[in-house]
Each structure stands twice: as structure tokens, then as C-alpha cells.
Amino acid sequence: MNKNIWRCECGGLLDLEFDARFPLKEITKRKETLWRYREALPVEDDANIVSFDEGFTPLISVHFNQRNVLIKEDHLFPSGSFKDRGATVMVSKVKEIGVNRIVEDSSGNAGAALAAYAARAHILCDIFVPDYTSEGKLVQIRAYGVNLTKVKGSREDTSSEAMKFAAKYYYASHYWNPFFFHGTKTFSFEVCEQLGWKSPDTLILPVGNGSLLIGVYIGFQELMRENIIEKIPRFIGVQPENCAPLACSFKKGLNTIIPIEKKPTIAEGIMIANPIRGVQILNIVRESNGDFIEVSEEEIIEALKEMIAMGFYIEPTSAATIAGVKKYLPRSSSGEVIVSTFTGHGLKTTETLSKIF
Ligand SMILES: Cc1ncc(COP(=O)(O)O)c(C=O)c1O
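Residues numbered from 1 in each chain as written. Predicted model: local features only at pLDDT ≥ 70, side-chain atom pairs only at ≥ 80, totals over all residues. Heavy atoms only, no water.

Enquirer: Could you give me a rundown of the overall build of the chain, with the residues and numbers involved?
Expert: Of regular secondary structure, the chain possesses 13 helices and 10 strands. Rg of the C-alpha trace for the chain: 19 Å, near the compact-globule value of 21 Å for 357 residues, within the 12% margin. Seen through its principal axes, the chain has C-alpha atoms that stretch 50 × 50 × 40 Å. Pairs at least 24 apart in sequence give 71% of the contacts found in the chain among residues at least 6 apart. Of the roughly 14,300 Å² of accessible surface on the chain, a fraction of 50% belongs to carbon and sulfur atoms. (Helix = DSSP H or I, 4+ residues; strand = E, 2+ residues; numbered from the N terminus. Rg over C-alpha atoms; globule rule 2.2 N^0.38 Å. Contact = heavy atoms within 4.5 Å. Areas by Shrake-Rupley, 256 points an atom, 1.4 Å probe, with all protein chains shown as cover.)

Enquirer: So what about the site of the ligand? Which residues, and what values?
Expert: Taken together, 16 residues sit near the ligand, with N109, N209, G210, S211 and T343 positioned nearest. One of the backbone nitrogen or oxygen atoms of G208 is found 2.9 Å away from an oxygen atom of the ligand. Within the backbone of N209, a nitrogen or oxygen atom sits 2.7 Å from an oxygen atom of the ligand. Protein chains shield 99% of the accessible area of the ligand, which is 390 Å² for the free molecule. Assessed atom by atom at 2 Å from the grid points, the ligand resides in the largest cavity. Of the residues in the shell around the ligand, the class split is 4 nonpolar, 10 polar and 2 charged. (Near = heavy atom within 4 Å. Polar contact = N/O pair within 3.5 Å; in protein donor to acceptor, adjacent residues only side chain to side chain. 1 Å grid on protein atoms, 1.4 Å probe; cavity = no way out; pocket = protein on both sides within 12 Å on 5 of 7 lines; lining within 4 Å. Sits in = over half its atoms within 2 Å of the grid points. Nonpolar A, V, L, I, M, F, W, Y, C, P; charged D, E, K, R; others polar.)

Enquirer: Summarise the nonpolar core; cite the residues concerned and give the values.
Expert: In terms of nonpolar packing, the biggest core is built from 40 residues, with F235 and F292 touching the most fellow members. Elements with a minimum of two residues in this core: helix 7 (186–194), strand 7 (202–206), helix 8 (211–225), helix 9 (245–251) and helix 10 (278–287). With 8 residues, helix 8 is the largest single contributor of residues to this core. Setting aside residues up to four positions removed in sequence, F292 forms contacts with V207, G237, Q239, L246, A247, F250, K251, I281, L282 and V285. A116, I127, Y175 and W176 belong to the second-largest nonpolar core, a separate cluster that totals 36 residues. (Core = buried A, V, L, I, M, F, W, Y, C linked by side-chain atoms within 4.5 Å. Buried < 20%, exposed > 50% of the residue type's maximum accessible area, 1.4 Å probe, protein only.)

Enquirer: Could you give me a rundown of the pairing of strand 2 (residues 67–73), with the residues and numbers involved?
Expert: In terms of burial, strand 2 is largely enclosed, as 6 of its 7 residues are buried. Pairing geometry for strand 1 (residues 59–64) and strand 2, over 6 bridges, is antiparallel. Residue pairing across strands places H63 opposite N68, the latter belonging to strand 2. In this structure, the hairpin formed by strand 1 and strand 2 is closed by a connection of 2 residues, where N65 is found at a positive phi of approximately 50°. (Pairing = 2+ DSSP bridges.)

Listed below in C-alpha cells is the structure:
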């Protein structure tokens, strides 16, 4: 694709048709970065790759009571969150199509990731964030030298402001733009390679707009299509009780997203009341025979304290996922291979953590 579009001409969502290939022998000889899956990434010319040699994050075994869960340490990315997966591929594509100014709206981490990769690529960048965003994320975005706009009101108000700006510049959105998902899909390639080119049984992932969950699903589909793996894992999405539109629709058996009244949550990264790709997310979870788990603020804080006491310095949004893991374990079967993730680094949320500790 060489047109700089980010959504369908009808105004709807745009997805990418792309034939990913996996020359396994070659892949295993390459550097341990997410770009080792080169033939599966939709950037034509290597000269356009914008990268910090990111990815191939550790898959570490963590004990929860009697059970082991494999945790992908995606808080260890260069900008401190998994969003770098999407940013490296999308910004490379932006460079390839010759765009020199991009716009993004974010609860903080996607903005920080985009700002870092825009700095590396010398591309102008405008980031819109809600005014309640953690100071650590704001400082990080500003420090990279991009234009930062704080928007009063809800996360949805921030999106509308960015969309207006996107009439003039390229909307490098982590939930509208299909190239972002073709970066986050590398999570699946890495997990399968780290498991000896096998699928886990279950994935437990945080969900706001679904930039991780949808990308991960695309990744498993591509591996299946190329006969690298034999099954797609069960997808368990985690949402905070205070803002759980997907979990609510799922439990009611609906195939639309019903508006919810959201309350504030410490898991700021997944405080999304009206996910644009909500129906896509519901379909993935249903098709995989998965489920949604809702977690309370108390459960998130308890999981946060527990993880940090074990030495994993993560942000509260990541702790929400772990609270979900803890709620899932009693219904898991013995021998079930469960993979989850730490999505964001604790250093981004010093103000919140200082209130807790
Ligand atoms: C740390 C962290 N985890 C998970 C998510 C959820 O990502 P998404 O909203 O794309 O589902 C975010 C989103 O900003 C995040 O910052």
C-alpha cells in the first residue's frame, strides 16, 4: 500500500491483507529483535526501518501459589511499554510512504512510543493526551521533543481533538491504523519461538482499545496459515471493573458495544469506554473460546504490591492483568501453558506509586 490512508474510504476500519512468511532457519540465525521476523512485517525496503533493536523480550516463569505462569516482560522496551512493537513497524511504514508529520492520541504509553520513534526517524509528531495522564508519561513525551497537547475531559474527548488535527496530518493511531497491529503481532511470533514453535494454551491480556489483543490474534493466525503452529490459544481479556465495556457486552452475549458509565481506575491505560474495534475484539475472544475477567481497584493494587515485592517494577495498568491472572488460575487445568505479560514500566507512574508505597 503506498497511499497514506489510515481508514477505509467508507470511513470504517481498515485492515491489511498481507502474506507473512517464516523462514525458520534464517530467523533463528538473526539478531534477537522483533525485526528477525522480517518476511512477516509489511515494510518493503530495509532502508525505511526505524528501530532501536527492540523486542524479543524475556518470557519469564513467575510463581503464583502452586502454579507457574509465563510472563512476557514487555515493560522492558526502549520507551517502557509494549507499544514500541506497534510504533517501530508503523513509523517505518510512515517513513516508507513519505509522510513527515504524524498525529496520535493516547492515554500515555502509545504517545511515548510514537514520540520516541518519531524522534529517531526525524518525523514531526503531535501527541494528544487526557489531562489526567501520569506526569511520568507526560514528561517522557515532551522530552522527546514532540508537540504535546493535554485535553480536558475524557479519553474520548482527546480522540476527537486528535481526529480534527488528523484532517491535516497523518493519523498514526494505535487503534485505527492497521500497521500498528502488524507490529504488536510480533508478541505471538516471539512467544511461539520461545516455546519451541508451539502455541501456549491460554493468553491473558489487558484490553482497552485492543492494540495488543488484536495484533496478537493476527500473529497467531499468520503462524497457523503457514503451518508453524497447530492451534490458536484461548484469549482471556482483562478489564477493570470501573471501565469494562467489552466484558459487559461479552457477558450479555451482545455483538455491539453498549455505552457504559465509567468510573476512574488506577489502570489508566485500559480506561477505554468505547473501543472503536470492540466488535472485532469480542469476535476474537468468542472464536477462541475465551472469556473476559473484570478486576477491582483493590485487586489491582494487591497484584501491584505483590509483583513489586517480587522485584518486577510495573505500572498499575500492568498489575490489572496480573490481578486477572490470579482470578483465572483457580479454573485452569494442571499442565495448562498460560502466557501473560507486563505491558508497562513502573517508572512511568512514580506519582501513583508514591501514594501507594
Ligand atoms: C501499560 C498498558 N497496558 C495495556 C494497554 C492496553 O492497550 P490497548 O488499549 O491497545 O488494548 C495500554 C494502553 O495504553 C497500556 O498503556
